[in-house]
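Structural overview for review
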Amino acid sequence: MKMTMVVLLAGAALAAAPCLVQASPQLTLTVGSNTPSTFPSGGSFSVQNASSNGVTVSISGASNIASTSATNNNINANSIDIENTTGLTKTLAIDILDNGFTANGSLPNELYNAQESFGGEIAAGSASFVFTTTATSLTNSSSAQVVYSSGSYTTSSTPFAVPAQTSGDTLILSPGDLFSIDSNMVVTLAANSTVSLDILNDNTISTVVPTGNVVPEPAAAGLAMVGLLPMFFLRRRRA
């Protein structure tokens, strides 16, 4: 009777506990210190003439949610124009986060990596960049991150392009698992500099790619340890 009562009380407690609800998928675009702008996950985004810290930014692109492994999930900012209208060096961050991506690999517990590439031109002055792409599982604690810091580009560097930089294979996803991609760029512009990152020169792309490899099953590791136990006791007896 006591056990029955305990079970009933535990069930009642679970029923009364608030359900953890996954936030609705959306894309969030943040330019400098401005209030974030939100857009539907997996869709296009655009912000024009956003000013922050003396820098004016116009940006547009799309978040592409892929259904098969033949096409990769990515955030593609196909047009970014940044202008420092001050006589001082300025630094500005642009962050694009979409939490509505779905794993499109075919294997359970498959390993994924994160990739990023960018390119464009300096219309005036000079600028340098730090690009960070972070992919995070929303069903487990795994993630993958790649960071690339550029040197300083000038008008004489036009146009420039950086091929895909790749993280380690550390993101673990099974088919249908939800994950996010966070595409972050920090740009430092010399006084009165203008930067254009556009689709003709590789723009900026943050991509997540299934590798076709899987993590070892925990059960297999456990069986291996069980197989070693008799050897351990045998050695103890001989000693």
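Residues numbered from 1 in each chain as written. Predicted model: local features only at pLDDT ≥ 70, side-chain atom pairs only at ≥ 80, totals over all residues. Heavy atoms only, no water.

1. Notes on the overall build of the chain
Within the chain one finds two helices and 15 strands. The 239 residues of the chain split such that 39% are buried. When contacts within the chain are restricted to residue pairs at least 6 apart in sequence, those whose partners lie at least 24 apart make up 75%. Accessible surface computed for the chain: about 12,600 Å², of which carbon and sulfur atoms make up 59%. (Helix = DSSP H or I, 4+ residues; strand = E, 2+ residues; numbered from the N terminus. Buried < 20%, exposed > 50% of the residue type's maximum accessible area, 1.4 Å probe, protein only. Contact = heavy atoms within 4.5 Å. Areas by Shrake-Rupley, 256 points an atom, 1.4 Å probe, with all protein chains shown as cover.)

2. Considerations on the pairing of strand β1 (residues 26–31)
Across the six residues that make up β1, a large majority, five, are buried. The antiparallel hairpin formed by β1 and strand β2 (residues 37–40) contains five residues in its connecting segment, where Gly 32 sits at a positive phi of about 55 degrees. The sheet contact formed by β1 and strand β6 (residues 90–102) spans five bridges and is antiparallel. Note that in β6 the partner of Val 31 across the bridge is Ile 94. (Pairing = 2+ DSSP bridges.)

3. Quick look at the environment of Pro 216
Within the secondary structure, Pro 216 is located in the loop between β15 (204–214) and α2 (218–238). By relative accessible area, Pro 216 is classed as exposed at 71%. For Pro 216 and Asn 109, which are 107 residues apart along the polypeptide, the C-alpha to C-alpha distance reads 8.6 Å.

4. Topic: the side chain of Ser 196
Position of Ser 196 relative to the elements: it lies in strand β14 (residues 194–198). Residue Ser 196 is classed as buried on the basis of its relative accessible area, which comes to 13%. A distance of 3.4 Å separates a polar atom in the side chain of Ser 196 from a polar atom in the side chain of Asp 198. Every residue in contact with Ser 196, bar those within four places of it in the chain, is listed here: Ile 80, Asp 81, Gly 120 and Glu 121. (Polar contact = N/O pair within 3.5 Å; in protein donor to acceptor, adjacent residues only side chain to side chain.)

5. Things to note about empty space enclosed by the protein
Applying the stated rule across the entire model yields two cavities of 30 Å³ or more. Taken as a whole, the largest cavity spans an internal volume of roughly 50 Å³. Mapped onto the lining of the largest cavity, the elements with two or more residues apiece are β5 (73–84), β6 and β13 (178–189). Along the lines of polarity and charge, the residues of the lining of the largest cavity split into seven nonpolar, two polar and no charged. Computed from the structure, the second largest cavity encloses a volume of approximately 30 Å³. Counting only elements with at least two residues in the lining of the second largest cavity, the list comes to β7 (110–124), β8 (126–137), β13 and β15. (1 Å grid on protein atoms, 1.4 Å probe; cavity = no way out; pocket = protein on both sides within 12 Å on 5 of 7 lines; lining within 4 Å. Points joined across faces, edges and corners; volume = space filled by probe spheres on them. Nonpolar A, V, L, I, M, F, W, Y, C, P; charged D, E, K, R; others polar.)

6. Focus on the nonpolar core
Core analysis: the largest hydrophobic core is formed by 42 residues, its most contacted members being Leu 29, Phe 45, Ile 59, Ile 82, Ile 94 and Phe 129. In terms of residue count, the dominant contributor to this core is β13 (five residues). The residues contacting Phe 45, other than those within four sequence positions of it, are Leu 27, Leu 29, Phe 39, Ile 59, Ser 60, Gly 61, Ala 62, Ser 63, Ile 75, Asn 76, Ala 77 and Ile 96. (Core = buried A, V, L, I, M, F, W, Y, C linked by side-chain atoms within 4.5 Å.)

7. Comments concerning the confidence of the model for the chain
Here the chain shows a mean pLDDT of 85. Residues at 70 or above account for 80%. This stretch, residues 1–21, has a pLDDT under 50; its non-local contacts, to residues over four places away or in other chains, come to zero contacts. Overall, residues 219–227 carries pLDDT values under 50, and its contacts beyond four positions in sequence, including any with other chains, amount to zero contacts. (pLDDT = per-residue confidence, 0-100.)

8. Some details on the pairing of β15
With five bridges connecting them, β5 and β15 associate as antiparallel partners. Across the sheet, Ala 77 pairs through a bridge with Thr 204, a residue of β15. As paired strands, β7 and β15 are joined by eight bridges and run antiparallel to one another. Bridging across to β15, Gln 115 finds its partner in Thr 207.

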